[in-house]
Amino acid sequence: MKFKGIMAFVIGLCLLVSLIQYQSSAENDAKLEFSSVTANYFAGGPNFGTKLTNAYDGDPSTFANYAAYKAGDRYREGTYFLFDLGQVCDVSKITVIFANPVRTHNFELYTSVDGISYEKIFEFTDKEYGANGSEFNIVKNIQARYIKLMALGAYVNESRDLNENYHLAEVAVYGKVADVVTANRIEVADVVAKNFASGPNFGQVLDHLTDGNPTTSANYAPHKGDGQYKNDPHFLIDLGDLYELEKLALVMAHPSLGNKRIICFDIYISQDNENFEKVYSFFNKTSYGHDGYFNIPVEGVARYIKLSATAAFDNGTTLSDNYQVYEFAAYGTEYVEPATEPTTEPTTEPTPEPTAEPTTEPTTEPTIEPTSEPDNMITIVSGEMHGFSDNSPVEGTKIENAYDGNDATLVKVIGHVGGTGNHLGDNAYFTFDLGGVYELGGIRLNFGTTRAHFYKILVSVDGENYTEAKSHTSAYEKTGEYYIRNEELGGVKARFVRIVAYGTVASPGNQYYMLSEISVFGTEAADENPQTSDVFLLLPIMVVLSLSVVFFSRKRRVMV
Ligand SMILES: [Ca+2]
Ligand SMILES: [Ca+2]
Ligand SMILES: [Ca+2]
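What comes next concerns the included structure.

What counts and what doesn't
- Residues numbered from 1 in each chain as written.
- Chains lettered and ligands numbered in written order.
- Predicted model: local features only at pLDDT ≥ 70, side-chain atom pairs only at ≥ 80, totals over all residues.
- Heavy atoms only, no water.
- Helix = DSSP H or I, 4+ residues; strand = E, 2+ residues; numbered from the N terminus.
- Buried < 20%, exposed > 50% of the residue type's maximum accessible area, 1.4 Å probe, protein only.
- Contact = heavy atoms within 4.5 Å.
- Donors = N, O, S within 2.8 Å, 3.2 Å for Na, K, Ca; no water.
- Core = buried A, V, L, I, M, F, W, Y, C linked by side-chain atoms within 4.5 Å.
- Phe/Tyr/Trp six-rings, centres within 6.5 Å; stacked < 30°, edge-to-face > 60°.
- Salt bridge = Lys/Arg side-chain N within 4 Å of Asp/Glu carboxyl O.

**A look at the overall build of the protein**
Secondary structure summary: the protein contains five helices and 29 strands in total. Evaluated residue by residue, the protein yields a buried proportion of 46% over its 560 residues. Excluding contacts between residues fewer than 6 apart, the proportion of contacts in the protein whose partners are at least 24 apart in sequence is 79%.

**A word on the coordination of the calcium ion (ligand 3)**
For the calcium ion (ligand 3), the protein coordination sphere consists of Asn-401 (O), Asp-404 (OD), Asn-406 (O), Thr-409 (O), Thr-409 (OG1), Ser-516 (O) and Glu-517 (OE), at 2.2 to 2.6 Å. Sequence positions of the donors to the calcium ion (ligand 3) reduce to the motif N-x2-D-x1-N-x2-T-x106-S-E. In this pair, Asn-401 is assigned in the loop between strand 22 (382-386) and strand 23 (411-414) and Glu-517 in strand 29 (residues 517-524), connecting sequence segments 116 residues apart. On the basis of relative accessible area, Glu-517 is assigned to the buried category, the value being 3%.

**What to know about the nonpolar core**
By size, the foremost hydrophobic cluster in this structure holds 56 residues, and its most contacted members are Phe-235, Leu-250, Phe-265, Ile-267, Ile-305 and Tyr-323. When contributions to this core are tallied by element, the ones reaching two or more residues are strand 5 (80-98), strand 8 (134-156), strand 12 (218-220), strand 15 (234-252), strand 16 (261-270), strand 17 (276-282), strand 18 (293-314) and strand 20 (323-334). Here the element with the most residues in this core is strand 18; it accounts for eleven residues. In terms of nonpolar packing, the next biggest core, distinct from the first, is built from 36 residues, Tyr-66, Leu-85, Ile-138 and Leu-149 among them.

**Overview of unusual backbone geometry**
The omega torsion across Gly-45 and Pro-46 is 0 degrees, close enough to zero to call that bond cis. As for its position among the elements, Pro-46 is in the loop between strand 1 (36-40) and strand 2 (64-67). For the peptide bond that leads from Gly-199 to Pro-200, omega is 0 degrees, which places it in the cis range. If you trace the backbone, Pro-200 turns up in the loop between strand 11 (190-194) and strand 12.

**Some words on the packing of aromatic side chains**
In the structure shown here, the tally under the stated rule is 33 aromatic pairs. With a centroid separation of 5.2 Å and 45 degrees between ring planes, the pair formed by Phe-42 and Tyr-66 is classed as tilted. Residue Phe-42 is found in the loop between strand 1 and strand 2, and its partner Tyr-66 is found in strand 2; the two are separated by 24 residues along the sequence. The exposure class of Phe-42 is buried, given its relative accessible area of 12%. Taking the centre distance of 6.3 Å and the plane angle of 35 degrees together, the rings of Phe-430 and Tyr-513 count as tilted. Placement of the pair is Phe-430 in strand 24 (residues 429-446) and Tyr-513 in strand 28 (residues 512-515), with a sequence separation of 83 residues. Classification of Phe-430 by relative accessible area gives buried; the value is 0%.

**Overview of the pattern of salt bridges**
Summed over the entire model, instances satisfying the criterion amount to 18 salt bridges. Put simply, Glu-327 and Arg-185 hold a salt bridge, and the shortest N to O gap is 3.0 Å. A residue pair is termed long-range when its members are at least 10 positions apart, and Glu-327 in strand 20 and Arg-185 in the loop between strand 10 (165-177) and strand 11 qualify at 142 residues. Under the relative-accessibility criterion, Glu-327 is labelled buried at 0%. A salt bridge links Arg-303 to Asp-238; the nearest nitrogen and oxygen atoms lie 2.8 Å apart. Of the two residues, Arg-303 sits in strand 18 while Asp-238 sits in strand 15, which places them 65 residues apart along the sequence. When its relative accessible area of 13% is taken as the criterion, Asp-238 is described as buried. Overlapping salt bridges bring together Asp-90, Lys-176 and Asp-179 as one network.

**Let's talk about the environment of Ala-68**
Its location among the elements puts Ala-68 in the loop between strand 2 and strand 3 (70-71). Accessibility expressed as a relative area gives 3% for Ala-68, which makes it buried. For the pair formed by Ala-68 and Asn-165, sequence separation is 97 residues and the distance between their alpha carbons is 6.5 Å. If near-sequence neighbours (up to four positions away) are discounted, Ala-68 is found in contact with Phe-42, Ala-43, Tyr-75, Thr-79 and Glu-164.

Function cannot be inferred from these measures alone, as they are strictly geometric.
Next up, the structure:
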């Protein structure tokens, strides 16, 4: 009897608990209300008698019809719907439904807790899909207050033509109001604007930069230089203490503003306000690739962040008078210095190991390879250019053309015009990364068919300290079809080879500098540092494996 009673109680308890769980999970999946919904940067709408509320009325058969500006086979960047839940919620699912089954709608979905830092959680970019209607259920547990639906394009007909009319039938967000909000935005202690010509202008104030409001901005006018701003104009942000950074968020002027204005910048971080490390760079004249909301993952401990105003372009060409930033935010956690434990262990262990192993192996292996192939051509991993008056190559050329193994392809740039007399100066150059340290035998430079080019060859092991290996600053004769120069480098060790665009015989009358091909020869440098040997062995292998891949940059990939 007693046992049965206990069992009944236990079963009853279980039922009660499961009922509570059922109720709470049902609560988790409740449909959430929007406090506001807006359609932004469309060309027009709602059109054809539709209304914006149709996009969230719970009825999949009603839709909002908005017309977008076209840019190529996509809508102009930064065309979006914004749904505000009014408060931060624990979101479990987002449903997106488009109307008109023969129309395929492409979109990206971003969410944000604070309206500043948006993360992309979903994208659909298949033009063919959607013949049988298009409904998307994005199941994901995230915290969000804002949901941004970026309209990329709507495609119709058999040829999948871009149509300006975007038919959003329904957006529904499920979840519950968040009990605890985990946004690690760091409160900024101080901001100063340095080296600008004037500002803040147009009645704006510097505080707008960090006021948490993406619609208020600080507008400064930098000094204009040659293709970019000069005097290093920047905002210096002091976090007040050391933080372990997670990400930075920037809200820049919308790409449709000021006849399509694109704001370029570099970001540096520092612990002591003296030694700064560049962690991100954005330089593009015509496009952000999004609406100007940057979400930049950053790792590192820092107290100071320097936001450098490198340039802003109107209409893809003109250096703008207005450098306008709407918001800057840093996210992370307070830095806690590591405990004192590590000091006891390392003193005993590290000394015996390095001496034991390396003595036996290295003597036999390295001697065989270098002698058999003394003039190996080294695969160039990447190339960068710096200091040219127009830092993007002209007439459809690109930096990769300079090391594609083809003499017929070239990179053509407008030289830096700061030089004097018959040369362009020392400040414009190409830097090529060999991916590892090599003993350089020789170098072949092909400057194309039209004229001799002057140059200096600088080399570096670490990419920071360069030494001059060769200087060739006078005219020379054409070799066959091309102006080719072969230089001996005599076994100098380097990972980076820099070709300073010193000038051409026609300069400064003709400012073009053209490099058809650079070929670097040498052998892998014998390792002086046993700890890094693995890295330097692996890199060339990876390079060979990825021969077909064009490496553009080593910068961090960044989403909106
Ligand atoms: Ca609807
Ligand atoms: Ca602001
Ligand atoms: Ca080439």
